Amino acid sequence: MAAAVPQRAWTVEQLRSEQLPKKDIIKFLQDHGSDSFLKVSKFLRALKNYKSKVNPISLMNLKINIKIFSLQRFKGTESINKVSEQVKNVKLNEDKPKETKSEETLDEGPPKYTKSILKKGDKTNFPKKGDVVHCWYTGTLQDGTVFDTNIQTSSKKKKNAKPLSFKVGIGKVIRGWDEALLTMSKGEKARLEIEPEWAYGKKGQPDAKIPPNAKLIFEVELVDID
Amino acid sequence: MAVEELQSIIKRCQILEEQDFKEEDFGLFQLAGQRCIDEGHIDQLLEVIQNEKNKVIIKNMGWNLIGPVVRCLLWNNKEDDKRKYFLMLDLLVKLCNPKELLLGLLELIEEPSGKQISQIILLLLQPLQTVIQKLHSNKSYSVGLALSTIWSQLSLLPVPYSKEQIQTDDYGLCQCCKALIEFTKPFVKEATDDKENSLENQRLKDELLKFCFKSLKCPLLTAQFLEQSEEAENDPLRSFASEIIGFLSAIGYPFPKMIFNHGKKKKTWDYLEFEEEEDKQLADSLASLAYLVFVQGISIDQLPMVLSPSYLLQFNMGHIEVFLQRTEESVFSKGLDLLENSLLRMEDNSLLHQYLEIKSFLTVPQGLVKVMTLCPDETLRKKGLAMLQLYINKLDSQGKYTLFRCLLNTSNHSGVEAFIIQNIKNQIDISLKRTHNNKWFTGPQLISLLDLVLFLPEGAETDLLQNSDRIMASLNLLRYLVIKDNENDNQTGLWTELGKIENNFLKPLHTGLNMSKAHYEAEIKNSQENSQEVQKSKDFCSVTVGGEEMPNMPPEMQLKVLHSALFTFDLIESVLARVEELIEIKTKSTSEENTGIK
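Report on the accompanying structure. (Residues numbered from 1 in each chain as written. Chains lettered and ligands numbered in written order. Predicted model: local features only at pLDDT ≥ 70, side-chain atom pairs only at ≥ 80, totals over all residues. Heavy atoms only, no water.)

Focus: the overall build of chain B
Scanning chain B from terminus to terminus reveals 25 helices and two strands. Each of the three principal axes of chain B carries a C-alpha extent, and together these read 130 × 70 × 40 Å. The 598 residues of chain B split such that 50% are buried. Within chain B, contacts between residues at least 6 apart in sequence are counted, and of these 75% link residues at least 24 apart. Surface accessibility of chain B: about 29800 Å² in total, with carbon and sulfur atoms responsible for 51%. The positive charge centre, built from 63 side chains, and the negative charge centre, built from 85, are 4 Å apart in chain B. (Helix = DSSP H or I, 4+ residues; strand = E, 2+ residues; numbered from the N terminus. Buried < 20%, exposed > 50% of the residue type's maximum accessible area, 1.4 Å probe, protein only. Contact = heavy atoms within 4.5 Å. Areas by Shrake-Rupley, 256 points an atom, 1.4 Å probe, with all protein chains shown as cover. Lys, Arg positive; Asp, Glu negative; His and termini not counted. Charge placed at Lys NZ, Arg CZ, Asp CG, Glu CD.)

Focus: the overall build of chain A
Helices and strands together make up the secondary structure of chain A, namely seven helices and six strands. Beginning at the N terminus, the succession of helices and strands in chain A can be written as α-α-α-α-α-α-β-β-β-β-α-β-β. Residues counted as buried form 38% of the 226 residues belonging to chain A. Restricting to contacts in chain A with at least 6 residues of sequence separation, those with at least 24 account for 72%. Of the roughly 13700 Å² of accessible surface on chain A, a fraction of 54% belongs to carbon and sulfur atoms.

Things to note about the packing of helix α19 (residues 378-394) of chain B against helix α21 (residues 414-433) of chain B
All names here are of chain B. Running from amino to carboxyl end, α19 crosses α21 at an angle of 30°, the nearest separation of the two axes being 12 Å. It follows from the interaxial angle that α19 and α21 lie roughly parallel. You can see that α19 and α21 cross each other, and the crossing is right-handed. Only F419, I420 and N423 of α21 make contact with α19, whose side of the interface consists of L385, L388, Q389 and I392. Among the residues making up the contact of α19 with α21, the classes are represented as five nonpolar, two polar and no charged. (Axes fitted to C-alpha atoms, helices over the stretch in contact; angles between N-to-C directions. Parallel < 35°, antiparallel > 145°, perpendicular 65-115°, else oblique. Left-handed = near helix turned anticlockwise from the far one by under 90°. Nonpolar A, V, L, I, M, F, W, Y, C, P; charged D, E, K, R; others polar.)

A short note on the pattern of salt bridges
All names here are of chain A. For the coordinates displayed, the defined rule picks out 34 salt bridges over all chains. The residue K119 makes a salt bridge to E221 at a minimum N-O spacing of 3.2 Å. Of the two residues, K119 is situated in strand β1 (residues 113-119) and E221 in strand β6 (residues 216-225); the sequence distance between them amounts to 102 residues. The class of K119 is partly exposed, set by a relative accessible area of 40%. For E221, a relative accessible area of 19% gives the class buried. Close ionic contact of D131 with K128 constitutes a salt bridge, the shortest N to O distance being 3.9 Å. Judged by relative accessible area, D131 falls into the buried class, the value being 14%. The class for K128 is exposed, based on a relative accessible area of 55%. Counted as one network, the salt bridges with shared partners bring together R191, E193, E195 and K215. (Salt bridge = Lys/Arg side-chain N within 4 Å of Asp/Glu carboxyl O.)

Some points on helix α7 (residues 98-110) of chain B
Residues and elements named next belong to chain B. Here α7 contains 13 residues, and its C-alpha end-to-end distance of 18 Å stays within 8% of the 18 Å for a straight helix at 1.5 Å per residue. Regarding α7, the residues found buried are P98, L101, L102, G104, L105, L106, L108 and I109. Among the structural elements, α5 (66-75), α6 (79-95), α8 (116-134) and α9 (139-154) are those in contact with the buried residues of α7. (Expected span 1.5 Å × (residues − 1).)

Quick notes on the packing of aromatic side chains
Counting across every chain of the model gives 17 aromatic pairs over all chains. An aromatic cluster of at least three residues, connected via ring pairs, comprises Y137(A), F147(A), F166(A), W177(A), F218(A) and F260(B). Above the plane of the ring of Y171(B) lies K115(B), whose end atom (NZ or CZ) is 5.3 Å from the centre. Sitting over the face of the ring of Y253(B), K257(B) holds its NZ or CZ atom 5.6 Å from the ring centroid. (Phe/Tyr/Trp six-rings, centres within 6.5 Å; stacked < 30°, edge-to-face > 60°. Lys NZ or Arg CZ within 6 Å of the ring centre and 35° of its normal.)

Topic: unusual backbone geometry
Residues and elements named next belong to chain B. The linkage connecting C218 with the following residue, P219, adopts the cis geometry, with an omega of 10°. By the secondary structure assignment, P219 is in the loop between α12 (199-217) and α13 (236-250). In this structure, N138 takes a positive phi of about 55° despite not being glycine. With respect to the secondary-structure elements, N138 resides in the loop between α8 and α9.

Examining the pairing of strand β3 (residues 146-149) of chain A
Residues and elements named next belong to chain A. Across three bridges, the pairing between strand β2 (residues 132-141) and β3 is antiparallel. For T140, the partnering residue across the bridge sits in β3 and is V146. Here β2 hands over to β3 after four residues, with G144 in that stretch at a positive phi of 100°. (Pairing = 2+ DSSP bridges.)

Overview of helix α18 (residues 359-374) of chain B
Since there are 3.6 residues in each turn of an α-helix, residues three or four apart along the chain are aligned in direction. Residues and elements named next belong to chain B. Along its 16 residues, α18 runs 22 Å from first to last C-alpha, staying within 8% of the 22 Å computed at 1.5 Å per residue. Among the residues of α18, S360, F361, V364, P365, G367, L368, V369, V371 and M372 are the ones counted as buried. Turning to α18, the residues buried within the fold contact α16 (309-324), α17 (329-343), α19, α20 (397-410) and α21.

Details of the environment of S448(B)
Residue and element names in this part refer to chain B. Turning to its location among the elements, S448 is positioned in helix α22 (residues 443-453). The class of S448 is partly exposed, set by a relative accessible area of 27%. Placed 43 residues apart in sequence, S448 and R405 show a C-alpha to C-alpha distance of 9.5 Å. Residues in contact with S448, not counting those within four places in the same chain, are Y401 and R405.

Some details on the pairing of β2(A)
Residues and elements named next belong to chain A. The buried count for β2 comes to seven of 10 residues, which makes it a mostly enclosed element. The pairing of β2 with strand β4 (residues 164-167) spans four bridges and is antiparallel. Its bridge partner lying in β4, C135 is registered against L164.

Brief notes about the interface of chain A and chain B
Contacts between the two partners involve 26 residues from chain A, matched on the other side by 27 residues from chain B. Contact between chain A and chain B buries roughly 2300 Å² in total, counting both sides, with carbon and sulfur atoms accounting for 51%. Summed over the shared surface of chain A and chain B, the number is two salt bridges. Of the charged contacts, one joins K202(A) and E347(B) as a salt bridge, the two residues approaching to 3.7 Å between their closest N and O atoms. Every element with two or more residues in the side of chain A that touches chain B is listed here: β3 and β4 of chain A. Considering every element that reaches the side of chain A that touches chain B, the biggest residue donor is β4(A), with three residues. Looking at the side of chain A that touches chain B residue by residue, the classes come out as 11 nonpolar, five polar and 10 charged. (Buried area = accessible area lost by both parts, 1.4 Å probe.)

Overview of the nonpolar core
Membership of the largest hydrophobic core comes to 221 residues, with the highest contact counts inside it found for W177(A) and F218(A). Residue contacts for F218(A): discarding those within four places in its chain leaves Y137(A), T138(A), G139(A), F147(A), I174(A), W177(A), A190(A), R191(A), L192(A), I194(A), M305(B) and V306(B). (Core = buried A, V, L, I, M, F, W, Y, C linked by side-chain atoms within 4.5 Å.)

Focus: the state of the cysteines
Counted under the stated rule, the structure contains zero disulfides over all chains. For C72(B), which is in no disulfide, the shortest distance to another cysteine sulfur is to C36(B) and amounts to 12 Å. (Disulfide = S-S within 2.5 Å.)

Looking at the packing of α8(B) against helix α11 (residues 173-193) of chain B
Residue and element names in this part refer to chain B. Contact pair α8 / α11: the axes reach a minimum separation of 9 Å and the direction vectors enclose 10°. The orientation of α8 with respect to α11, classified from their angle, is roughly parallel. From α8, S118, I121, L122, L125, L128, Q129, I132 and Q133 reach across to α11, where they touch Q175, C176, A179, L180, E182, F183, P186, F187 and E190. A class-by-class count of the residues in the contact of α8 with α11 yields 11 nonpolar, four polar and two charged.

Structure, rendered in structure tokens:
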């Protein structure tokens, strides 16, 4: 029950030129594009607008979308359930140098850390990027050596020990922490096992006796969010 | 005589009430006391001071004697006398009014210059501490004043920079630093012990903070530290640094806090008014602190081990910029060390190009170029170069591209340009070898970059000698591209741009070479013809170095220089010929292939 295929409104040359106003193309797509198509193009727009720069590349994307969907997937020709499948498989034609972290997040494989919850949090207050979080932590290597902690123990007396406070999600700390803390709720205590790629990688951290390619284990308790 | 005078004044004042002491009494007392000292009547004077009945008089007027007593202590060599003067000093410190005593002591500290500075300070620090502790009100102000006065004097002393200098400690700076720490410790303890944190206590902390920052700048900014080994235990300046950083932590400014506060518009100490400090001086202190923590490892164990390497680099870049703006070797070399320390934490190609939007990320490599080209010390020049290469290695592709453009446009130095061009060649090489072409070193972006490389700045009139490094590097790059990139592939876009390259670069280069060679050959001929005659200096400009005019270059030398210039031109010409030969071969073979197909 394919709907009538809409007519091509412009030639390829017209599309390639700079003269065509973006609005017209967008309107055309919105009028005729299927839900899945629109969802994918939205996804691609979000991808490119991550840097919040409006540039001709967004226009390029729309043109690419037309190319990809020249299989005539216009309104009513397919079910929406297949969208997730297609979203995963869509690739941009242009080169993807490792430019933005956001692109890496989206097309890298599974997250390079694991989290096991030791104590549940309130499950309602989650930190957002840019929030200040306060936490207690202990860091150990795989062999159990403690390389850092801010918890006051009887042996190592740190005057006025306070929880560590910092803005989360903006790259101040190792990636494993940035990613994991955004999934924790206030009051939660978790055990994180972070692969070296999201910790200190090939270089390690000689100041802390962390060897190269070390997997780090942290017990983190998120006490407060500002 | 003097003793009698003194005793008569004492007698008169003994019966008076404190408030009835007149100004002339003070004056007479001082004069008489001074005379006693001058004439050597130490014992009698001591007796007067020790006499219980004179307690009130001494309390009010005694401080005037401090000056003469101290001076005697410094200049007198007799052990016996010295002991007595020390005793006198102790007594005066115990008995006299602390407020006035404080001023008296500080005046004495401010007086001397040269090697006497440290002598006086070492002598008076202990009494000064005792006096301040006796003050009941406004202690913080006094502590601040004392520290400020002492620091001002110490900042006049030269900072030792070699192991020997540190050991001999000619001007006593190291000894003073050690003593100064002991002086300050009880006040730091007082500031931290006070749980209520009253206003007075806050003021005390403020004064201590000011002192710490000043110390970070002088002597610590220029201080050279010994290699970290067993020797390090004995390094007095390192100990000093360690204690200062400890003080900062104790009064509420631990280093980790400063890292996490980095980037905040309003710093926690903004409300403080540093009298001589402006923002810039504060920047020096903070840079010094960063160096001490990261490079010298002082209290680096206090840092939480979760900070990302790129954030640490971002944090340190500002400090590195401060260091590189200075020209003293002992200062900017710290910038190089801090840069190295920060860069080595990162993996290659991992520094995102967005960081280049931060000003310091571009001014630092420009600072490195300055070091590489202007520093008189060869080791430091080489280190500057190594750091620039390290920095380039850490940047991602777009970052490298942006930096290359920036340095080609701003360095104005043929050698630096040649270095960059070589880097460009390496990036193109890497890019061509990958299956996925790097869009920054192939295609249109590369063409745009090559426009900066494959051209002569002043066309055919470019000084080829001056620019020889750059021109050779450009020609080598071109030769590489011609060999590696086949016309059919045209991955680098070279072949489409060939016409432009020939017009902007190759043709003017030919012309320039011909002109230059002709010019120099004519010069050589001139020289040879005139070698019999005495060189008249009227046409030449003279060169004066250090007030002495340099003699004209002897004719044989001149000839040598001219010949070596010709040699350079020949070199350039041979590479140019080879490049054109290769281009011809390649274009001929492709056109043959094309005709073959037909």
